[in-house]
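# What the coordinates show
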Amino acid sequence: MNADAETLQRIERVDPVHAGTIQQNLAATAFTRQPLGFYQRFQLVTVDVRLPHRALRFKYADDGKVAVNLTPATAEAIYKLNQDEALSLEAAEVPAYLRFFIENTEGGKRRLVERAEDVQWLPATNTDAALGARKAEAVAKLHPVKVSDGAEGFQASAVVLVGNQLLACDFTVRKGGKVQLVNQQVAAESLPVPAVR
């Protein structure tokens, strides 16, 4: 049995409905595994299924023995994963963890962005001066995640893309992985990006 088939067996135990969809469309399915530096055991497994009428994406945390359904992930599901891992974050791990947390909660509607390449811009931003100027204004607001020590873990400042808005967000991130949004304000809006469905 290959690695994908073994992974699918573990997925079936926690998500039988989506496992059935994957099984029925194996020829059009790709499994991607991504190590998560802040976890010792679990990897992020992304399963992309290309159906004739649409593409589906399912996400799981997998340690080779058990899978955890992250489709869609809730903060509670990630906190349970953190508990199973006995997570204890270091400052250097906070940016990657915060990206993982933001992108895997709220149904993938939010994305942490640090550089122009992290955003899918409309092609017209290269030819239309007004759109190019809006893109340049937005890019000027982007920055790497800033992390500092806080009272109960870390303080982190990041830029989050939601729809066609950039939000400047401040978070408290505890060593055990609990994330709390402390403050957010609109940094840029009406970005020249594809409409989110």
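As a starting point, this report considers the structure included with it. Numbering of residues starts from 1 in every chain and runs along the sequence as written. Predicted model: local features are reported for residues with pLDDT of at least 70 only, side-chain atom pairs are reported and counted for 80 or more only, and whole-chain, interface and lining totals are derived from all residues. Note that water and hydrogens are dropped before the side-chain values are worked out from all heavy atoms of the structure.

Glancing now at the overall build of the protein chain. Numbering of helices and strands runs from the N terminus; a helix is a DSSP stretch of H or I covering at least four residues, while a strand is a stretch of E covering at least two. In terms of helices and strands, the protein chain carries five helices and nine strands. Beginning at the N terminus, the succession of helices and strands in the protein chain can be written as α-α-β-β-β-β-α-α-β-α-β-β-β-β. Overall, the C-alpha framework of the protein chain stretches about 55 × 50 × 20 Å when taken along its three principal axes. Across the 197 residues of the protein chain, 42% fall into the buried class. Contacts are assigned to residue pairs that have any heavy atoms within 4.5 Å of one another. Sequence separation of 24 or more characterises 47% of the internal contacts of the protein chain that already satisfy a separation of 6 or more. Note that accessible areas follow from Shrake-Rupley with a 1.4 Å probe, and for residues the cover is restricted to the protein chains shown. Here the protein chain displays about 10900 Å² of accessible surface, and carbon together with sulfur accounts for 50% of that area. For the protein chain, the distance from the average position of its 23 positive side-chain charges to the average position of its 23 negative side-chain charges is 3 Å. For each residue, the accessible area found with a 1.4 Å probe, counting protein chains only, is set against the maximum for its type, and the residue is called buried under 20%, exposed over 50%, and partly exposed in between. When charges are tallied, Lys and Arg are placed among the positive residues and Asp and Glu among the negative ones, while His and the ends of the chain are skipped. Charge coordinates come from a single atom per side chain, which is NZ of Lys, CZ of Arg, CG of Asp or CD of Glu.

Here we come to the side chain of Thr-7. Note on placement: Thr-7 falls in helix α1 (residues 3-14). Looking at Thr-7, the relative accessible area reads 2%, which means it is buried. Two N or O atoms form a polar contact when they lie within 3.5 Å of each other; inside protein one atom must be a possible hydrogen donor and the other a possible acceptor, and for residues adjacent in sequence the pair counts only when both atoms belong to side chains. Within the local environment of Thr-7, its side chain forms a polar contact with the backbone oxygen of Ala-3, the two atoms lying 2.8 Å apart. Those residues in contact with Thr-7 that sit more than four places away from it in its chain are Phe-31, Arg-33, Val-45 and Asp-62.

Only Phe, Tyr and Trp rings take part, Trp by its six-membered ring, and two of them pair if their centres are within 6.5 Å. Stacked means planes under 30 degrees apart, edge-to-face means over 60, and tilted covers everything else. Throughout the structure, instances matching the rule amount to seven aromatic pairs. Taken together, a centroid distance of 4.9 Å and an interplanar angle of 70° make the contact between Phe-38 and Tyr-39 edge-to-face. Each member of the pair, Phe-38 together with Tyr-39, is buried. The interplanar angle of 50° and the centroid separation of 5.5 Å between the aromatic rings of Phe-38 and Phe-100 together place this pair among those described as tilted.

Bringing the pairing of strand β8 (residues 165-174) into the picture now. Two strands pair under a simple rule: DSSP has to find at least two bridges between them. Pairing of strand β7 (residues 153-162) with β8, which is carried by ten bridges, proceeds in the antiparallel orientation. Bridge pairing links Phe-154 to Val-173 in β8. Hairpin geometry of β7 and β8 is characterised by an intervening segment of two residues between the two adjacent antiparallel strands and by a positive phi of about 60° at Gly-163. Where β8 hands over to strand β9 (residues 179-188), the hairpin turn is made up of four residues, of which Gly-177 adopts a positive phi near 100°.

Here we have four strands laid out as an open sheet, ordered β1-β2-β3-β4, and antiparallel in their pairing. Bordering the open sheet on either side are β1 (29-35) and β4 (67-69), each of which pairs with just one other strand. Going from strand to strand, the sheet's axes swing by 30° on average, the running direction of each strand aside. Two elements, strand β2 (residues 43-50) and strand β3 (residues 55-62), share eight bridges in a ladder whose sense is antiparallel. Axes here mean lines fitted to C-alpha atoms, for a helix over just the part in contact, with angles spanning 0 to 180 degrees between N-to-C directions.

Once that is clear, we can look at the environment of Leu-131. When you line up the elements, Leu-131 lands in helix α5 (residues 129-141). In the structure, Leu-131 is positioned 122 residues away from Gln-9 in sequence and 47 Å away in space, judged by C-alpha atoms. Sequence-distant contacts of Leu-131, defined by excluding residues within four places in its chain, comprise Ala-124, Thr-125 and Pro-192.

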